[in-house]
Amino acid sequence: MTDLFQPTCIWDLKATLGEGPIWSAKDHAVWFVDIEKQHVHRYDVRTGGHQTFKAPSPCGFIAPKQRGGFIVGCKTGLYDFDPVSGQFTFLTHVEPGLPGNRLNDGYVDHQGRLWFGSMDDDENNPTGKLYRYDARGLKMMDDDYVITNGPAVSPDGKTLYHNDTLKKIIYAFDLSLDGQISGKRIFARLDEDAPADVASPVCYAGEFEPRGEHGDGYMDGPVVDSAGNVWNALFFGWGVNGYAPDGRLIRRVKFPVSNVTKITFGGADLKTVYATTAAKGLSADDLQKQPLAGGLFTFQTDIAGQPQNEIAHV
């Protein structure tokens, strides 16, 4: 029997800022980006083969379309991406008046709407925003973020989660069927997570690491599983936290690298997790101690994720 919650590196690509993994059941592959290297990556889980495509500018996310292909969110706007030809076709600007911003994380909801955030590339000013992109066009839905991450949506489609990374907060919103959000509230905050919440071996993977060298870090990308638990990657936090639908911290998965950026659920039963990591922000000494930083990792879980949604309108 495969051990659960034991991350191993399957591709030591040494990404500077690996991000945004998604599972593609059609080709048994994990797609993700390296933001700073302007790369879109594909990893074939059957063969271990991989491909790399050069994006037009720093790219924050990749999202599949129902008609085939992908949309990639770049600093210079949204692009249609054809993986067969490797061609990127410009679709629309997002923030032409904010040259210091770039796009970050993205997500497709159950109705096929694309959601994504922007952020200050220098990580100083609260110019980041949350956007929705569907057949009605592009609409700003929330603002006042330095760094956005997410969003992600509950299995019933009624709750949207979105992160303020520097504030170490996961927000929850009520999400209506037509894509409106309301009732913004704090779902979880890193500074309020207590070791006692993860003391039970029933719900906890690995020995709890004290704050400090393996401290809590920052809220990076969130994902919601089929039971409604929110899994949140931790940048500078050495792992992934799992939160129950009521916001309690119920699981911690420890990684051998400090910068975990996001996970996705894949495989035939959606119980195989794939996680992107980053070397950004690490010193030469850090990298010696973390030789797999920037690698693509995997581990097994005891609960399935949600199927990957696809963009409906493009």
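The model shown is predicted, which means the values in this text are computed figures rather than measured ones.

J.: Tell me about the sheet that holds strand E22 (residues 260-266), and please be specific about residues and values.
T.: Spatially, four strands are ordered E1-E24-E23-E22 in an open sheet, and the strand pairing comes out antiparallel. Here the strands that pair on one side only, and so sit at the sheet edges, are strand E1 (8-11) and E22. Adjacent strand axes in the sheet meet at a mean angle of 35°, parallel and antiparallel pairs treated alike. Note: E22 against strand E23 (residues 272-277), six bridges, orientation antiparallel. Directly across from threonine 264, in E23, lies its bridge partner tyrosine 274.

J.: How would you summarise the packing of aromatic side chains if you had to cite specific residues and measurements?
T.: In total, this model carries 22 aromatic pairs according to the counting rule given. Of note, lysine 184 hangs over the ring of tyrosine 171, and the distance from its end group to the ring centre comes to 4.4 Å.

J.: If you had to explain the pattern of salt bridges to someone new, which residues and values would you point to?
T.: Applying the stated criterion across every chain, the model contains 19 salt bridges. When the shortest N-O distance is used, the salt bridge between glutamate 36 and lysine 280 registers 3.1 Å. Taken together, the positions of glutamate 36 in the loop between strand E3 (29-34) and strand E4 (39-44) and lysine 280 in the loop between E23 and helix H1 (284-289) put the pair 244 residues apart, joining distant regions of the chain. Taking the relative accessible area as the measure of exposure, glutamate 36 reaches 42% and is therefore partly exposed. In this structure lysine 280 comes out as partly exposed when scored by relative accessible area, which is 25%. Here aspartate 80 ties to lysine 65 by a salt bridge, and the two come within 2.2 Å at their closest N and O atoms.

J.: Can you break down the environment of leucine 270 residue by residue, with the values?
T.: You can see leucine 270 is positioned in the loop between E22 and E23. Leucine 270 gets classed as buried once you look at its relative accessible area, which sits at 14%. Separated by 31 residues in sequence, leucine 270 and threonine 301 place their C-alpha atoms 8.9 Å apart.

J.: Give me the lowdown on the sheet that holds strand E20 (residues 239-243), citing residues and values where you can.
T.: Spatially, four strands are ordered E18-E19-E20-E21 in an open sheet, and the strand pairing comes out antiparallel. Only two strands of the sheet have a single partner each, and these edge strands are strand E18 (218-224) and strand E21 (249-254). Between one strand axis and the next, the sheet turns through 25° on average, direction left out of account. Alignment of E18 against strand E19 (residues 230-235), held across five bridges, turns out to be antiparallel. The residue bridging proline 222 from the neighbouring strand is asparagine 232, located in E19.

J.: Go over the pairing of strand E7 (residues 70-74), please, and point to the residues and values.
T.: Of all five residues making up E7, five are buried, and the element is well covered by its neighbours. Going residue by residue along E7, you find Phe70, Val72 and Cys74 tucked away on one face and Ile71 and Gly73 tucked away on the opposite face as well. Alignment of strand E6 (residues 59-64) against E7, held across five bridges, turns out to be antiparallel. Bridge pairing links alanine 63 to isoleucine 71 in E7.

Calculation criteria
- Residues numbered from 1 in each chain as written.
- Predicted model: local features only at pLDDT ≥ 70, side-chain atom pairs only at ≥ 80, totals over all residues.
- Heavy atoms only, no water.
- Pairing = 2+ DSSP bridges.
- Helix = DSSP H or I, 4+ residues; strand = E, 2+ residues; numbered from the N terminus.
- Axes fitted to C-alpha atoms, helices over the stretch in contact; angles between N-to-C directions.
- Phe/Tyr/Trp six-rings, centres within 6.5 Å; stacked < 30°, edge-to-face > 60°.
- Lys NZ or Arg CZ within 6 Å of the ring centre and 35° of its normal.
- Salt bridge = Lys/Arg side-chain N within 4 Å of Asp/Glu carboxyl O.
- Buried < 20%, exposed > 50% of the residue type's maximum accessible area, 1.4 Å probe, protein only.

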